[in-house]
Amino acid sequence: MPTQKNVLIVGAGLSGCTIARSLAEANVQCTVIDRRSHIAGNTFDFENQFGIKQHKYGPHLFHTSNHKVVEFLSRFTDWTPYKHKVKAQLADGKLVTLPINLETKEIVGADNCVEIFIRPYSEKMWGMPLESIDPQKINRVPMRDDLNEYYFPNDSFQALPAQGYTRMTEVMLDHSNISVHLETEFNHEMMTEFDHIFHSGSIDEFLKFKFGPLPYRSIKFHNVNMPVAQMYPVSVVNFTDHGKFTRVVEWKNLPKHGANETHTTLTFEEPCDYSQNNFERYYPVKDISGTYKKLYDRYKIFVSENHPNITFCGRLGLYAYLDMHQAVSSSLKLSDAWMQANLNER
């Protein structure tokens, strides 16, 4: 039998957990570290004092048409069906449907949709004028010419992990070939201790900002507990004003997220530069000129030429806006490619 490979995985989010489980099942010894005090990365959820489940880093709503990803994750969780609906609150308080559908267009006027729904939200979210934002970001949820009320109408599978994302990742990491170490920072001395490293952190930080920092957007989460049973008809309401908040989440409106009859929990989201939020990196910034993508590519080339035993992965490591199913799919491909190249038995 060949000597067992020893791999370090930096980050215990969905990308890291996917890679760890895939490698562990191929008899690779996996050490998973995370600087935070919990697993599950930005999908981490917990139950608050009112018995309401919150997602600490904003709502995570699983939706995909990638059945390979569904099949993989279904090994670690049961599912609760959920089709996401979103409303936007107009200046007069009226709630209208997002994505912008035929009814919403009729209410506000089709010619006004960009200025009401897209410009204020996008400029708050990305911290730059609408005209400077990568159009792919703006068009992720296109306008519609029907009466559809669902936010992800084209995805064949839409559900939430029945026991939550934290529990799902616990099961993913429950393998004899996986060890997990929380509140553990990556340091460069670890590079000599492992056959390979999969790193889901930021590539510029890894190289100590050798070519300058990559920009990221972050979110400040403002949690409010209200002594009422319910505030909104849906789980997410976007704001159309020019204030600092982009949206509010009412957690108990998600299935199996709590049934408190006297209290509800709201989370208001305030986008900001990551430097204004303890350097918590959530979203890579993509400008229309591609300046930041070129900077990332420069980092990527340097790593590939100087650190061949390191593979960057996940939203931060790839400097890409990835939905959860895309993060899992990408990680499955990365781990499989590494195993085919490095494990004699495959």
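Residues numbered from 1 in each chain as written. Predicted model: local features only at pLDDT ≥ 70, side-chain atom pairs only at ≥ 80, totals over all residues. Heavy atoms only, no water.

Asker: What is the right way to look at the packing of aromatic side chains in this model?
Answerer: For any pair of aromatic rings, the description consists of the separation of the ring centres together with the inter-plane angle of the planes. All chains considered together, the criterion is met by 22 aromatic pairs. On the basis of an interplanar angle of 85° and a centroid distance of 5.2 Å, the ring pair of Trp79 and Phe157 is categorised as edge-to-face. Placement of Trp79 in strand E6 (residues 79-81) and of Phe157 in strand E9 (residues 157-161) is noted, with a sequence separation of 78 residues between them. Overall, the relative accessible area of 19% leaves Trp79 in the buried class. An aromatic cluster is built from Tyr216, Tyr274, Phe279, Tyr296 and Tyr319, whose rings are joined through pairwise contacts. One cation-aromatic arrangement involves Arg36 over Tyr57; the distance from NZ or CZ to the ring centre is 4.1 Å. Positioned above the aromatic ring of Tyr150, the side-chain terminus of Lys83 is 5.4 Å from the ring centre. (Phe/Tyr/Trp six-rings, centres within 6.5 Å; stacked < 30°, edge-to-face > 60°. Helix = DSSP H or I, 4+ residues; strand = E, 2+ residues; numbered from the N terminus. Buried < 20%, exposed > 50% of the residue type's maximum accessible area, 1.4 Å probe, protein only. Lys NZ or Arg CZ within 6 Å of the ring centre and 35° of its normal.)

Asker: I keep staring at the sheet that holds strand E13 (residues 236-239) and nothing clicks. Help me out?
Answerer: Strands in a sheet are paired, the pairing made by backbone hydrogen bonds, and the direction either parallel or antiparallel. Strands sit in the order E8-E7-E13-E14-E15-E12-E16 across an open sheet of seven strands; the sheet is mixed. Each edge of the open sheet is held by one strand with a lone partner, namely strand E8 (95-98) and strand E16 (283-284). Inspection of the sheet shows strand E12 (residues 216-226) paired to E16 by two bridges, in the antiparallel sense. Residue pairing in the sheet places Tyr216 in a bridge with Pro284 of E16. (Pairing = 2+ DSSP bridges.)

Asker: Even after reading the chapter, I still don't get the pairing of E12, so can you show me in this structure?
Answerer: For a regular strand, side chains alternate in direction, first toward one face of the sheet and then toward the other. One ladder, built from ten bridges, connects E12 with strand E15 (residues 264-273); its direction is antiparallel. For Asn223, the partnering residue across the bridge sits in E15 and is Thr267.

Asker: Explanation requested: the sheet that holds E9 in the structure shown.
Answerer: Read from one edge of the open sheet, three strands run E5-E9-E6, paired in antiparallel fashion. Looking at which strands have only one partner, the edges of the open sheet turn out to be strand E5 (62-64) and E6. Here the average twist between neighbouring strands, direction ignored, is 40°. By the bridge criterion, three bridges tie E5 to E9 in an arrangement that is antiparallel. Directly across from Thr64, in E9, lies its bridge partner Phe157. (Axes fitted to C-alpha atoms, helices over the stretch in contact; angles between N-to-C directions.)

Asker: In this structure, what is going on with the layout of surface pockets? I would like to understand it.
Answerer: Rolled over the atoms, a probe sized like a water molecule indicates the empty space that remains. Roughly 310 Å³ of volume is contained in the second largest pocket. Lining the second largest pocket are 15 residues, with His63, Arg140, Val141, Phe152 and Asp155 sitting closest to its centre. In terms of residue class, the lining of the second largest pocket is built from seven nonpolar, four polar and four charged. (1 Å grid on protein atoms, 1.4 Å probe; cavity = no way out; pocket = protein on both sides within 12 Å on 5 of 7 lines; lining within 4 Å. Points joined across faces, edges and corners; volume = space filled by probe spheres on them. Nonpolar A, V, L, I, M, F, W, Y, C, P; charged D, E, K, R; others polar.)

Asker: How do you make sense of unusual backbone geometry when you look at a structure like this?
Answerer: Glycine aside, negative phi is the norm for most residues, and most peptide bonds take the trans geometry. In the segment running from Leu98 into Pro99, the intervening peptide bond is cis, with an omega of 0°. As for its placement among the helices and strands, Pro99 is situated in the loop between E8 and helix H3 (102-108). Phi is positive for Lys256, close to 60°, though the residue is something other than glycine. Within the secondary structure, Lys256 is located in the loop between strand E14 (247-250) and E15. At Asn278, a position not held by glycine, the phi torsion is positive, near 55°.

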